[in-house]
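Secondary and tertiary structure notes
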Amino acid sequence: MLNGRAMRDSKTSDMIFDGPTPLELLGGSTILLPGTVILSPPPPGDGEATTPSVFLHPCRTVALAIEKTGTPTNPVVADAQPLNPAL
């Protein structure tokens, strides 16, 4: 959610891999510690693909609802020194 607006609404059954497969693939070559978050490519609903396009800007709030886990909410803040000074 971006400022309370749902940008995507999908379930793990819409994903290419089921829940355990990425864990199996990553766990074979990486140590997964408790609390590790694994992010996968997004389902449809990217802000750039919407009309009009929606982008993250400082002072906005991003919330990621994770079923049976919770909804962490994070403010968007400006980078002290952007990677691209032209931005």
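Shown above is the structure to which this text applies.
Residues numbered from 1 in each chain as written. Predicted model: local features only at pLDDT ≥ 70, side-chain atom pairs only at ≥ 80, totals over all residues. Heavy atoms only, no water.

This part covers the overall build of the chain. Assigned secondary structure in the chain consists of 1 helix and 2 strands. Going residue by residue from the N terminus, the α and β elements of the chain occur as α-β-β. Buried positions account for 7% of the 87 residues belonging to the chain. Look at the contacts in the chain between residues 6 or more apart in sequence, and 40% of them connect residues 24 or more apart. (Helix = DSSP H or I, 4+ residues; strand = E, 2+ residues; numbered from the N terminus. Buried < 20%, exposed > 50% of the residue type's maximum accessible area, 1.4 Å probe, protein only. Contact = heavy atoms within 4.5 Å.)

Our next topic: unusual backbone geometry. Of note in this structure, N3 is not a glycine but carries a positive phi near 50°. When you line up the elements, N3 lands in the segment before α1 (20-27).

On the surface, L23, L26, L32 and I38 cluster together to form a nonpolar patch covering roughly 290 Å² of accessible area. Relative to the helices and strands, I38 resides in the loop between α1 and β1 (61-63). (Patch = residues over 30% accessible without salt bridge, like charges linked within 9 Å, V, L, I, M, F, W, Y side chains within 5 Å. Areas by Shrake-Rupley, 256 points an atom, 1.4 Å probe, with all protein chains shown as cover. Salt bridge = Lys/Arg side-chain N within 4 Å of Asp/Glu carboxyl O.)

Following the sequence through the fold, V76 ends up in the segment after β2 (73-75). V76 gets classed as buried once you look at its relative accessible area, which sits at 15%. Separated by 14 residues in sequence, V76 and V62 have C-alpha atoms that sit 7.1 Å apart. Among all residues touching V76, those that are not within four sequence positions of it are L56, H57, P58, C59, R60 and V62.

All right, on to the environment of A78 then. Here A78 is to be found in the segment after β2. For the pair formed by A78 and H57, sequence separation is 21 residues and the distance between their alpha carbons is 7.5 Å.

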